[in-house]
Amino acid sequence: MPELPEVETIVLSLRDRISGKKINKVVVQFEKCLGNISAGEFKKILTGAKIISLSRRAKYIIFELSNKYFLFLHLRMTGKVLLKIQSAPITKHDHVMIYLNDNQCIFYNDTRKFGRFFVTQSPEIVLGKLGPEPLGEDYNFSNFSQKITKTQRTIKALLLDQTFVAGLGNIYTDEALWMAKIHPEQPAHSLSKIKRKALFEAIKCVLTQGIANRGTSLGDGQGNYTSSDHQSGTNQHSLKVFARTGSPCPECRTMIQKSVVAQRGTHYCPKCQKLKLINSKAT
DNA sequence: CCATATGTTACTCG
DNA sequence: ACGAGTAACATATG
């Protein structure tokens, strides 16, 4: 479920409440949640360690520990990090519990069980292949532009590729393409410099807005996004195309269409985001 | 029963 | 090598 803005919101809501706390006890209910380590090793490394800092890279939450290890967590589709008091009951789909030294406990809950923890002393093993942070300093137009012109892939598939730009998922990809007025199936190399620049800016824009709105919470099912304090985001009210199939485009009132691109449900305005079949490599 | 779901990766085919 | 498509992971929902 969570894309960059949702993960960022979780990190912001957790940071002050768990930084500096010591891990007293770890319970693993579902060992497959641990991507590169056994439950025994996981408990041994975490127990007794202090949480030095909390940060985010792409869609990963990063716990920096006092014993030189880093704990990474990727929530995939339905993972949730919930901070509760230690006496809170273990409920359905709670897979990992990390008890701190102050009566708080981090509950990792994941309906679909796709999310994964990683423990390592070398962050680059997990983060090495990721593209630039779209809201970071390494995000620059010349690099972005160059990569777009070099591939024939559809622009939607490229935006979802975490080695191109890190942190976009299905929602913010559709929103950025709408804002830049680009058809999701447009071959990346066929985008004019104007369009590449518009997209470069739109990505920053939709992500910044998503964070300001504390994430996108769709529906009220178990898999829906909430922050670590059970708070829903409000960005769903600001979406222009995603989950708005059949509703009017905010720009031109044409009905939003849905199709499948890059194996994902894809929402777009057929009038504002026209596919351009004549591909001359514009500059 | 069927399709779909905020993610990623391995695999096949052309 | 590249890119598209599919399956897989596992569960819930309409």
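No experiment lies behind these values; they were computed from the predicted model shown.

Conventions adopted
Residues numbered from 1 in each chain as written. Chains lettered and ligands numbered in written order. Predicted model: local features only at pLDDT ≥ 70, side-chain atom pairs only at ≥ 80, totals over all residues. Heavy atoms only, no water. Pairing = 2+ DSSP bridges. Helix = DSSP H or I, 4+ residues; strand = E, 2+ residues; numbered from the N terminus. Salt bridge = Lys/Arg side-chain N within 4 Å of Asp/Glu carboxyl O. Buried < 20%, exposed > 50% of the residue type's maximum accessible area, 1.4 Å probe, protein only. Expected span 1.5 Å × (residues − 1). Domains from an automatic or database assignment. Buried area = accessible area lost by both parts, 1.4 Å probe. Nonpolar A, V, L, I, M, F, W, Y, C, P; charged D, E, K, R; others polar.

### Structural notes on the pairing of strand β2 (residues 51-57)
Next, step 1: Sheet topology note: the β2/strand β3 (residues 60-65) ladder contains six bridges and is antiparallel. If you follow leucine 54 over to β3, its bridge partner there is phenylalanine 63.
Next, step 2: Where β2 folds back on β3, the antiparallel hairpin that results is connected by two residues, among which alanine 58 adopts a positive phi of roughly 55°.

### Here we look at the pattern of salt bridges
Next, step 1: Applying the stated criterion to the full structure yields 10 salt bridges.
Next, step 2: When the shortest N-O distance is used, the salt bridge between lysine 204 and glutamate 201 registers 3.6 Å. With lysine 204 and glutamate 201 both in helix α7 (residues 193-212) and three residues apart, this pair spans about one turn of that helix.
Next, step 3: Taking relative accessible area as the criterion, lysine 204 reaches 26% and is therefore assigned partly exposed.
Next, step 4: Judged by relative accessible area, glutamate 201 falls into the partly exposed class, the value being 34%.
Next, step 5: For arginine 214, the salt bridge goes to aspartate 229, with nearest N and O atoms at 3.9 Å. Of this pair, arginine 214 sits in the loop between α7 and β9 (257-261) while aspartate 229 sits in the loop between α7 and β9, and the two are 15 residues apart along the sequence.
Next, step 6: Residue class for arginine 214 comes out partly exposed when judged on its relative accessible area of 35%.
Next, step 7: Through salt bridges that share partners, Glu8, Arg56, Arg57 and Glu133 make up one connected network.

### Let's talk about helix α1 (residues 4-18)
Since there are 3.6 residues in each turn of an α-helix, residues three or four apart along the chain are aligned in direction.
Next, step 1: With 15 residues, α1 should reach 21 Å at 1.5 Å per residue; the first-to-last C-alpha distance of 21 Å fits that figure.
Next, step 2: Judged by how many residues are buried, α1 sits mostly within the fold: 11 of 15 residues are covered.
Next, step 3: Looking only at α1, the buried set comprises Leu4, Pro5, Glu6, Val7, Glu8, Thr9, Ile10, Val11, Ser13, Leu14 and Ile18.
Next, step 4: With its phi angle positive at about 85°, glycine 20 sits one or two positions after the end of α1.

### Description of the domain arrangement of chain A
Next, step 1: What the domain assignment lists for chain A is domain 1 (4-127) and domain 2 (141-268).
Next, step 2: Using only C-alpha atoms to locate each centre, domain 1 and domain 2 end up separated by 28 Å.
Next, step 3: Contact between domain 1 and domain 2 buries roughly 1,700 Å² in total, counting both sides, with carbon and sulfur atoms accounting for 59%.
Next, step 4: At the junction of domain 1 and domain 2, the tally comes to zero salt bridges.
Next, step 5: Top contributing element to the side of domain 1 that touches domain 2 by residue count: α1, with nine residues.
Next, step 6: Here the side of domain 1 that touches domain 2 is composed, by residue class, of nine nonpolar, five polar and seven charged.

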